[in-house]
Amino acid sequence: MKRILALFLVLVGAAAGVFTYVQMGHVKATNAQVQPEGIQLPIIMYHSMLRNGSGEYTISPETFEEDLRYLKDNGYTTIYMQDLLDYINKQVSLPEKPIMLTFDDGYYNNYLYAYPLAKKYESKIVISPIGYYTDQFSKADANHATYSHMTWDQIKEMMDSGYVEFQNHTYNLHSSDGKRLGTKKLRGESLEDYTALLTKDITQMQQEMQEHTGYTPTTFVYPFGAISDAAVPIVRSLGFSATLGCASKVNQITQNPECLYELGRFLRPPGKSSADFFRKIAPPQASAS
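Residues numbered from 1 in each chain as written. Predicted model: local features only at pLDDT ≥ 70, side-chain atom pairs only at ≥ 80, totals over all residues. Heavy atoms only, no water.

- Looking up the chain in an unreviewed UniProt entry gives the name Polysaccharide deacetylase family protein, with the organism given as Anaeromassilibacillus senegalensis.
- As recorded by UniProt, the Subcellular location (unreviewed entry) comment attached to the chain reads in full: "Secreted". (UniProt positions renumbered as here; feature names shortened; annotations may be inferred.)

Pasting the structure below:
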């Protein structure tokens, strides 16, 4: 009887040990699968910059300088798209409070006003020019603040400075003429025709950037933020590691490469102080008690 009781206790103990081991293993496996919440990244979208301009897409150089001063005073660090890729692919740390400043379309006034201010405040900016207009104004050399676009020489100068990164905003699909809105697929357009059109245009911009600067953009910036479901796999197949849209949201950056697609951006309107504009997007530092 004693032997039977002793054997029973041994079996119970072994079973308890196995149960505890399985439980611990389950807990460890669950913890290993927990994904970090990620790093919050606001991205700001600018366009034209004029001293006496008007319209919702035009701000003054003074407003942009106020923005740069606000961000620096409140501990924000401007970053590139390449910084995000390095964070995900090479585990390079991001700054504690990252923010990205993007400029769409490649206006000459970005070179005239935004670029000197970026150097003055040692801030990084990301510009996405339209290739067709860069080609046209590289020939015309107009350099007019109101309507000109930057030239290839100006793009190369800014890139070499270390303060400006360039991305792909199409070669010549930035239009809203009542037919096609940016890169959106037309109703009734065959997938074959749409794929050919998008591939030809975007690839031409990639090739011209490489030819004129030695650099190939990593990010595709959708004109008007207009995204067709059909465009997503095409853009990815062309080798882009990230895309920028126009949805107003703060992005959560994790170690998952998927988080870099369709990143949101906040349009910077005129007529607002930096403090008012950034209050919720990039809050000021808490005052010391």
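1. Description of the overall build of the chain
So, point 1. Summing up its helical and strand segments, the chain has 9 helices and 12 strands in all.
So, point 2. For the chain, the proportion of its 289 residues judged to be buried stands at 45%.
So, point 3. By element, 54% of the accessible surface of the chain is carried by carbon and sulfur atoms, the whole surface being about 15300 Å². (Helix = DSSP H or I, 4+ residues; strand = E, 2+ residues; numbered from the N terminus. Buried < 20%, exposed > 50% of the residue type's maximum accessible area, 1.4 Å probe, protein only. Areas by Shrake-Rupley, 256 points an atom, 1.4 Å probe, with all protein chains shown as cover.)

2. As for the side chain of threonine 218
So, point 1. Summarising the element assignment, threonine 218 is placed in the loop between helix H7 (191-213) and strand S9 (219-221).
So, point 2. Setting aside residues no more than four positions away along its own chain, threonine 218 makes contact with Met81, Gln82, Leu85, Gln167, Phe240, Ser241 and Ala242. (Contact = heavy atoms within 4.5 Å.)

3. Section: helix H2 (residues 61-73)
So, point 1. Here H2 contains 13 residues, and its C-alpha end-to-end distance of 18 Å stays within 8% of the 18 Å for a straight helix at 1.5 Å per residue.
So, point 2. Turning to H2, its buried residues are Pro61, Thr63, Phe64, Glu65, Asp67, Leu68, Tyr70 and Leu71.
So, point 3. Two residues or fewer after H2 comes glycine 75, characterised by a positive phi angle close to 80°. (Expected span 1.5 Å × (residues − 1).)

4. Focus: the nonpolar core
So, point 1. In this structure, Ile44, Phe64, Ile125, Phe166 and Phe278 are the most contacted members of the largest nonpolar core, which totals 40 residues.
So, point 2. At 7 residues, the largest contribution of residues to this core is made by helix H4 (residues 108-120).
So, point 3. Not counting residues up to four positions away in its chain, the partners in contact with phenylalanine 278 are Ile44, Tyr46, Asp67, Tyr70, Leu71, Ile99 and Pro283.
So, point 4. Grouped together as the second largest cluster of nonpolar side chains are 19 residues, Ile79, Tyr80, Tyr87 and Met100 included. (Core = buried A, V, L, I, M, F, W, Y, C linked by side-chain atoms within 4.5 Å.)

5. Let's talk about the layout of surface pockets
So, point 1. For the largest pocket, the calculated volume is near 230 Å³.
So, point 2. Forming the boundary of the largest pocket are 14 residues, of which His47, Tyr57, Asp105, His174 and Phe224 lie nearest the centre.
So, point 3. Residues belonging to the lining of the largest pocket are distributed by class as follows: 7 nonpolar, 5 polar and 2 charged. (1 Å grid on protein atoms, 1.4 Å probe; cavity = no way out; pocket = protein on both sides within 12 Å on 5 of 7 lines; lining within 4 Å. Points joined across faces, edges and corners; volume = space filled by probe spheres on them. Nonpolar A, V, L, I, M, F, W, Y, C, P; charged D, E, K, R; others polar.)

6. Notes on helix H5 (residues 131-140)
For an α-helix, 3.6 residues make a turn, and residues three or four places apart therefore share a direction.
So, point 1. The complete set of buried residues in H5 reads Gly131, Thr134, Asp135 and Phe137.
So, point 2. Those residues of H5 hidden inside the fold are in contact with strand S7 (125-129), helix H6 (152-161) and H7.
So, point 3. With its phi angle positive at about 55°, aspartate 141 sits one or two positions after the end of H5.

7. Points about the packing of aromatic side chains
So, point 1. Inspection of every chain in the model, using the stated rule, returns 12 aromatic pairs.
So, point 2. On the numbers, 5.3 Å between centres and 85° between planes, the contact of phenylalanine 64 with phenylalanine 103 is edge-to-face. Of this pair, phenylalanine 64 sits in helix H2 while phenylalanine 103 sits in strand S6 (residues 98-105), placing them 39 residues apart in sequence.
So, point 3. In this structure phenylalanine 103 comes out as buried when scored by relative accessible area, which is 0%.
So, point 4. Aromatic side chains tyrosine 132 and tyrosine 133 sit 5.3 Å apart centroid to centroid with 80° between the ring planes, which places their arrangement in the edge-to-face category.
So, point 5. Using a relative accessible area of 30% as the deciding quantity, one classes tyrosine 132 as partly exposed.
So, point 6. By the ring-pair criterion, three or more aromatic residues cluster together here, those being Tyr46, Phe64 and Phe103.
So, point 7. Residue placement shows lysine 97 over the ring face of tyrosine 76; its charged tip is 4.2 Å from the ring centre.
So, point 8. Seen from the ring of tyrosine 261, arginine 236 lies directly overhead, with NZ or CZ sitting 3.7 Å from the centre. (Phe/Tyr/Trp six-rings, centres within 6.5 Å; stacked < 30°, edge-to-face > 60°. Lys NZ or Arg CZ within 6 Å of the ring centre and 35° of its normal.)

8. Quick word on the pattern of salt bridges
So, point 1. On inspection of all chains with the given rule, the structure shows 11 salt bridges.
So, point 2. Arginine 69 serves as the salt-bridge partner of glutamate 65, at 3.7 Å between the closest nitrogen and oxygen. Linking glutamate 65 with arginine 69, this pair stays in helix H2, spanning 4 residues, or about one helical turn.
So, point 3. Judged by relative accessible area, which is 17%, glutamate 65 ranks as buried.
So, point 4. Overall, the relative accessible area of 39% leaves arginine 69 in the partly exposed class.
So, point 5. The salt bridge partner of lysine 90 is aspartate 86, with a shortest N-O separation of 3.9 Å. Residue lysine 90 and its partner aspartate 86 are both found in helix H3 (residues 81-90); the two are separated by 4 residues, about one turn of the helix. (Salt bridge = Lys/Arg side-chain N within 4 Å of Asp/Glu carboxyl O.)

9. Quick word on the environment of methionine 81
So, point 1. Inspection of the secondary structure assignment puts methionine 81 in helix H3.
So, point 2. In sequence terms methionine 81 and valine 126 are 45 residues apart; their C-alpha atoms lie 7.9 Å from each other.
So, point 3. Among residues more than four places away in sequence, those in contact with methionine 81 are Met100, Val126, Glu165, Gln167, Thr218, Thr219, Ala242, Leu244 and Leu263.

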